[in-house]
Amino acid sequence: MQSPVAQRQQGAVDRSGATALGDVVELILDKGLVIDAFVRVSLIGIEVLSIEARIVVASVDTYLRYAQAINGFSVSGGTS
Amino acid sequence: MTAQYVYGVTFAATVIPENLTGIDGAAVTLVTHGRCGAVVSDLNAGRPLGTRYDLLAHENVLASLARGDTPVLPFRFGAAMSGAGEVAGELLSDNKERLLADLEQLAGRIELVVKGRYDNGSAYREVLAEEPEILEIRERIQGLPEDSTYNERVHLGELVAIAMAAKQAADGERLVAALSPYAERLATRATAREDEAANVAFLVERDRRAEFEKAVEALGEQWAGRVRLRLLGPMPPYDFVSSGSGQEAA
């Protein structure tokens with residue numbers, strides 16, 4: 001399942017900026033300084049569209065997905 | 001008075017790259033006070049933010065600075081203030097000790113993120129080989145109608161989930177053990193996908209970046225065919241900005 005997106009591949013490691021939207025979302029919505037901790041008076045409340053969190057919740061649905069996923073694979077030794 | 005979108009805080013002496021644009025293509029500028037500078041652009045606060053273009057613009061501004069040698073404290077998406085005077089006063093002047101202390105502490109350091117993904121189902125194959133019960137249940141319900149095997153399938157999936165979580169934890173520890181000698185701090189992030197082997201952020205001194213990357217290459221070769229590694233960055237120290245966040249890299 002190689003990504004068709006042009007990515008510089010060097011040896012055994014893929015290198016890229018955090019340009020995939022998923023990588024970006026993970027960074028700038030969850031991490032970084034929160035401005036409210038520094039500023040109160042002159043903050044502007046802008047509405048931020050909620051982006052669906054990609055959190056895997058342990059649930060029946062998740063388990064069923066695992067059960068489905070493991071169907072496609074055959075047993076192999078540790079090395080392959 | 002024009003509203004300002006705030007990307008982050010850096011030293012006042014920072015030179016913003018020419019033609020760097022942010023949200024809605026607005027020019028990125030620096031509002032300074034004393035030794036601190038806020039990286040901002042004009043904002044027309046008339047619409048909700050959060051389209052993919054907004055998110056990518058925010059990240060691109062900060063990544064551009066990190067790729068140059070600029071230390072920058074990244075703000076979380078969606079920070080906006082009423083005007084440039086307020087940015088200089090309430091943000092920079094009122095918080096200057098704390099901002100400067102954080103900047104000094106992070107100067108000369110970059111964040112590099114290493115993500116690993118199980119290659120071509122390798123983790124599932126290992127789980128099948130290592131957990132006879134999983135293989136047994138799978139064989140037993142194969143070919144039976146889904147309705148009659150609902151409970152077995154939930155149980156099977158639970159066992160797989162547990163085995164995968166143990167595998168992810170072990171591989172995360174191996175990755176941290178291999179790379180932490182070359183880093184100053186690290187922050188383990190939750191793995192968000194089933195096929196994700198590890199997701200760890202490292203704070204690395206610029207001078208040691210080459211060493212660190214060599215260690216990532218070595219691990220990638222060791223795991224070839226099993227776990228595919230991705231190296232992201234350098235990026236601003238998103239995972240290390242709130243003081244004391246992350247843990248010491250041994």
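In case you missed it, the structure is sitting above this.
Reading the values: the criteria
- Residues numbered from 1 in each chain as written.
- Chains lettered and ligands numbered in written order.
- Predicted model: local features only at pLDDT ≥ 70, side-chain atom pairs only at ≥ 80, totals over all residues.
- Heavy atoms only, no water.
- Helix = DSSP H or I, 4+ residues; strand = E, 2+ residues; numbered from the N terminus.
- Rg over C-alpha atoms; globule rule 2.2 N^0.38 Å.
- Buried < 20%, exposed > 50% of the residue type's maximum accessible area, 1.4 Å probe, protein only.
- Contact = heavy atoms within 4.5 Å.
- Areas by Shrake-Rupley, 256 points an atom, 1.4 Å probe, with all protein chains shown as cover.
- Lys, Arg positive; Asp, Glu negative; His and termini not counted.
- Charge placed at Lys NZ, Arg CZ, Asp CG, Glu CD.
- Axes fitted to C-alpha atoms, helices over the stretch in contact; angles between N-to-C directions.
- Parallel < 35°, antiparallel > 145°, perpendicular 65-115°, else oblique.
- Left-handed = near helix turned anticlockwise from the far one by under 90°.
- Salt bridge = Lys/Arg side-chain N within 4 Å of Asp/Glu carboxyl O.
- Polar contact = N/O pair within 3.5 Å; in protein donor to acceptor, adjacent residues only side chain to side chain.
- Nonpolar A, V, L, I, M, F, W, Y, C, P; charged D, E, K, R; others polar.
- Core = buried A, V, L, I, M, F, W, Y, C linked by side-chain atoms within 4.5 Å.
- Phe/Tyr/Trp six-rings, centres within 6.5 Å; stacked < 30°, edge-to-face > 60°.

J.: Quick question: what am I supposed to make of the overall build of chain B here?
T.: In terms of regular secondary structure, chain B is built from seven helices and 10 strands. In terms of overall dimensions, chain B is more spread out than a globule: its C-alpha atoms have a radius of gyration of 23 Å, far above the 18 Å expected for 250 residues. Over its C-alpha atoms, taken along the principal directions, chain B stretches across nearly 70 × 45 × 30 Å. Looking at chain B as a whole, 55% of its 250 residues are labelled buried. Within chain B, counting contacts between residues at least 6 apart in sequence, those at least 24 apart form 73% of the total. Here chain B has roughly 10,700 Å² of accessible surface; of this, 49% comes from carbon and sulfur atoms. A distance of 3 Å separates the average location of the 26 positive side-chain charges in chain B from that of its 38 negative side-chain charges.

J.: What is the right way to look at the packing of helix α5 (residues 132-141) of chain B against helix α6 (residues 150-179) of chain B in this model?
T.: When two helices pack together, their arrangement is given by the angle between the helix axes and by the axis-to-axis distance. Residue and element names in this part refer to chain B. Closest axis-to-axis distance for the α5/α6 pair is 10 Å, and the angle between their directions is 155°. When the axis of α5 is compared with that of α6, the two are roughly antiparallel. Here α5 runs over α6; the crossing is left-handed. Here Glu-133, Ile-134, Ile-137, Arg-138, Arg-140 and Ile-141 of α5 lie close against α6, whose contacting residues are Glu-152, Arg-153, His-155, Leu-156, Leu-159, Val-160 and Ala-163.

J.: What's the story with the interface of chain B and chain A in this structure? I'm lost.
T.: Many authors give the size of an interface as the accessible area that is lost as the parts come together. Listed as interface residues are 74 residues of chain B and, on the opposing side, 57 residues of chain A. At the boundary of chain B and chain A, one finds four salt bridges. Between Arg-228 of chain B and Asp-14 of chain A there is a salt bridge whose closest N-O contact spans 2.8 Å. Counting the contacts that link chain B with chain A gives 17 residue pairs in polar contact (both at pLDDT 80 or more). Considering every element that reaches the side of chain B that touches chain A, the biggest residue donor is α6 of chain B, with nine residues. Counted by class, the side of chain B that touches chain A contains 37 nonpolar, 15 polar and 22 charged residues.

J.: What is the right way to read the pattern of salt bridges from this model?
T.: Any two side chains of opposite charge can pair, on the condition that their charged atoms come close. Residues and elements named next belong to chain B. Under the criterion given, the structure shown has 20 salt bridges over all chains. A salt bridge links Asp-239 to Arg-189; the nearest nitrogen and oxygen atoms lie 2.8 Å apart. In this pair, Asp-239 is assigned in the loop between β9 (227-235) and β10 (247-248) and Arg-189 in the loop between β7 (185-188) and β8 (196-205), connecting sequence segments 50 residues apart. Assigned by exposure class, Asp-239 and Arg-189 land together as buried. Among the ionic contacts, a cluster of salt bridges with common partners joins Glu-126, Glu-130, Lys-167, Asp-171, Arg-174 and Arg-226.

J.: Please explain unusual backbone geometry as it appears in this structure.
T.: Generally, phi is negative for residues other than glycine and the peptide bonds are trans, each holding for most cases. Residue and element names in this part refer to chain B. Going from Gly-233 to Pro-234, the amide bond is cis rather than trans, its omega being 10°. Position of Pro-234 among the secondary structure elements: in strand β9. For Asp-24, which is not glycine, the phi dihedral falls at a positive 60°. Here Asp-24 lies in the loop between β1 (4-11) and β2 (28-33). Judged by relative accessible area, Asp-24 falls into the exposed class, the value being 53%. Even without being a glycine, Asn-120 presents a positive backbone phi close to 55°. Considering the arrangement of structural elements, one finds Asn-120 in the loop between β6 (109-118) and α4 (122-130). What makes Asn-120 exposed here is its relative accessible area of 60%.

J.: Is there a simple way to think about the nonpolar core in this case?
T.: Considering soluble globular proteins, one finds that nonpolar side chains tend to be buried as a cluster. Counting residues in hydrophobic clusters, the biggest one holds 55 residues, and the most contacted among them are Val-6, Tyr-7, Ile-23, Leu-43, Phe-75, Val-87 and Leu-91 of chain B. Among all residues touching Val-6 of chain B, those that are not within four sequence positions of it are Ile-35 of chain A together with Val-39, Val-40, Phe-75, Ala-79, Met-81, Val-87 and Leu-91 of chain B. Membership of the second largest hydrophobic core comes to 43 residues, among which are Phe-73 of chain A together with Val-160, Leu-186 and Ala-249 of chain B.

J.: I would appreciate a short explanation of the packing of aromatic side chains in the present structure.
T.: We describe a pair of aromatic rings using the distance from one ring centre to the other and the angle between the two ring planes. Going through the model one piece at a time under the given rule, you end up with four aromatic pairs over all chains. Here Phe-38 of chain A and Phe-75 of chain B contribute two aromatic rings whose centre-to-centre distance is 5.8 Å and whose plane-to-plane angle is 25°, an arrangement assigned as stacked. With Phe-38 of chain A in the loop between α1 (21-28) and α2 (60-69) and Phe-75 of chain B in the loop between β4 (72-74) and β5 (80-81), this pair bridges two chains. We note that Phe-38 of chain A, like Phe-75 of chain B, is buried. Following the ring pairs from residue to residue traces out a cluster consisting of Tyr-5, Tyr-7 and Phe-77 of chain B.

J.: Which parts of the structure should I look at to understand α4 of chain B?
T.: Because each turn of an α-helix spans 3.6 residues, side chains separated by three or four positions end up pointing in the same direction. Here α4 of chain B lies mainly inside the structure; seven of its nine residues are buried. By the burial criterion, the buried members of α4 of chain B are Ser-122, Ala-123, Tyr-124, Arg-125, Glu-126, Val-127 and Leu-128 of chain B.

Remember, this is a structural readout, not a statement about activity or role.
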